[in-house]
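Below are the chains, spelled out letter by letter.
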Amino acid sequence: MVTTGVSNDRRGQVGIGTLIIFIAMILVATIAAGALIHTAGTLESQAQATGEESAQQVSSGLVVFSSVGEVSDDGEIETVEITVGPTPGSGAIDLESLVVDYTGAGSGGYEEVDADDIHDIEGTVLRSGSDRATIVLDDVELEAGDDAHVTLMTSEGLETSTELVVPYDLEAGETVSL
């Protein structure tokens, strides 16, 4: 038998080196898997929070059912009544936290709605889809043929807009649909 001069000790050293590299790769893979699982958990909780917030925003709006104006003795509309209700599936909406952005001929600006401006409902909160409330806007100064833009903003940041278009024929003391 011929010997090549390679001892069995050298084979053992190569095997131990391979085992150390294999163990190191397993440790790296375990750490990477832990980081991926942590990241997935964080992303899942963020996605759930975003989904709940989006559902709340989509289902917490207002619907404008009608808007009417009362014609004063001088032939102008100085008071507008806007009837609103919650969108289907909406949660409770406190109208006292509502902000109105009014832009019309000759006047405009933001106005916070208070309890004195809310009519046709007990309290200030719309609780169910069948609830209706009338929001009264004073000092709007609209004349025949004018138009105005009203945006109602809820405390959740949702906006509902409506256009008010005044008819050309107005008679003092009448109530007209806008």
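Calculation criteria
- Within each chain, residue numbers correspond to sequence positions counted from 1 in written order.
- With pLDDT at 70 or above as the cut-off, local features in this predicted model cover only qualifying residues; side-chain atom pairs require 80 or more to be listed or tallied, and sums for whole chains, interfaces and linings still use all residues.
- Derived side-chain values reflect all non-hydrogen atoms in the structure, with water molecules and hydrogen atoms excluded from consideration.
- Secondary structure follows DSSP: runs of H or I at least 4 residues long count as helices, runs of E at least 2 residues long count as strands, and numbering of each begins at the N terminus.
- Between two residues, a contact is recorded if the distance between any of their heavy atoms is within 4.5 Å.
- Per-residue accessibility takes into account occlusion by the displayed protein chains alone, with areas from the Shrake-Rupley method and a 1.4 Å probe.
- Relative accessible area decides the class of each residue, using a 1.4 Å probe on protein chains only: under 20% of the type maximum gives buried, over 50% gives exposed, and in between gives partly exposed.
- The rule for pairing is simple: two strands pair if DSSP sees at least two bridges between them.
- Nonpolar side chains (Val, Leu, Ile, Met, Phe, Trp, Tyr) are joined into patches within 5 Å and like charges within 9 Å, using only residues with over 30% relative accessible area and no salt bridge.
- Salt bridges are defined by distance alone: a side-chain nitrogen of Lys or Arg within 4 Å of a carboxyl oxygen of Asp or Glu.
- Positive charges come from Lys and Arg, negative ones from Asp and Glu, while His and the chain ends are left out of the count.
- Charged side chains are reduced to one point each, which is NZ for Lys, CZ for Arg, CG for Asp and CD for Glu.
- Nonpolar core, defined: a set of buried Ala, Val, Leu, Ile, Met, Phe, Trp, Tyr and Cys residues in which side-chain atoms within 4.5 Å join the residues together.

A. Structural detail: the overall build of the chain. Tallying secondary structure elements over the chain gives one helix and eleven strands in all. Long-range contacts, defined as pairs at least 24 residues apart, comprise 60% of the intrachain contacts of the chain with a sequence gap of at least 6. When the accessible surface of the chain is totalled, it reaches about 11,200 Å², and 55% of it is carbon and sulfur.

B. Molecular detail of the pairing of strand 10 (residues 159-165). On strand 10, burial follows the alternation: Thr160, Thr162 and Leu164 on one face are buried, whereas Glu159, Ser161, Glu163 and Val165 on the facing-out side are not. Joining the antiparallel neighbours strand 9 (residues 147-153) and strand 10 is a turn of five residues, in which Gly157 adopts a positive phi near 90 degrees.

C. A look at a negative patch on the surface. Residues Asp73, Asp74, Glu78, Asp138, Asp139, Glu141 and Glu143 make up a contiguous surface patch of negative charge. Tallying contributions element by element places strand 8 (residues 133-142) first for the negative patch, with three residues. Along the chain, Glu143 falls in the loop between strand 8 and strand 9. Glu143 sits in the partly exposed class, given a relative accessible area of 42%.

D. View of the environment of Asp138. Take Asp138: it is sitting in strand 8. On the basis of relative accessible area, Asp138 is assigned to the partly exposed category, the value being 40%. Once the C-alpha coordinates of Asp138 and Glu81 are considered, the two residues, 57 residues apart in sequence, prove to be 8.8 Å apart. Beyond its immediate chain neighbours, meaning those up to four positions away, Asp138 contacts Glu78 and Thr79.

E. Structural detail: the nonpolar core. Core analysis: the largest hydrophobic core is formed by 27 residues, its most contacted members being Leu62, Ile77, Val80, Leu95, Leu137, Leu142 and Val150. Of all elements in the fold, only strand 1 (62-71), strand 2 (77-86), strand 4 (99-104), strand 8 and strand 9 reach the threshold of two or more residues within this core. Of the residues forming this core, the biggest block, five residues, is contributed by strand 8.

F. Representation of unusual backbone geometry. One non-glycine residue, Glu141, lies in the positive phi region at around 55 degrees. A relative accessible area of 42% means that Glu141 is categorised as partly exposed.

G. Fine view of the pairing of strand 9. By the criterion of burial, strand 9 is predominantly enclosed, with five of the seven residues buried. Judged from the six bridges that link them, strand 4 and strand 9 form a sheet pairing that is antiparallel. Within the sheet, the bridge partner assigned to Val99 lies in strand 9 and is Met153. Note: strand 9 against strand 10, seven bridges, orientation antiparallel. What sits directly across from Asp147, in strand 10, is Val165.

H. Representation of the environment of Ser130 in the model. By the element assignment, Ser130 lies in the loop between strand 7 (125-126) and strand 8. Since its relative accessible area comes to 60%, Ser130 is described here as exposed. Considering only alpha carbons, one finds Ser130 and Pro86, 44 residues apart in sequence, at a separation of 8.0 Å.

I. Structural detail: the sheet that holds strand 1. Across the sheet, which stays open at both edges, the five strands sit in the order 6-8-2-1-11 with antiparallel pairing between neighbours. Two strands lie at the open edges of the sheet, namely strand 6 (118-119) and strand 11 (175-177), each paired on one side alone. As judged from the seven bridges shared by strand 2 and strand 8, these two strands associate in the antiparallel manner. Its bridge partner lying in strand 8, Val84 is registered against Ala133.

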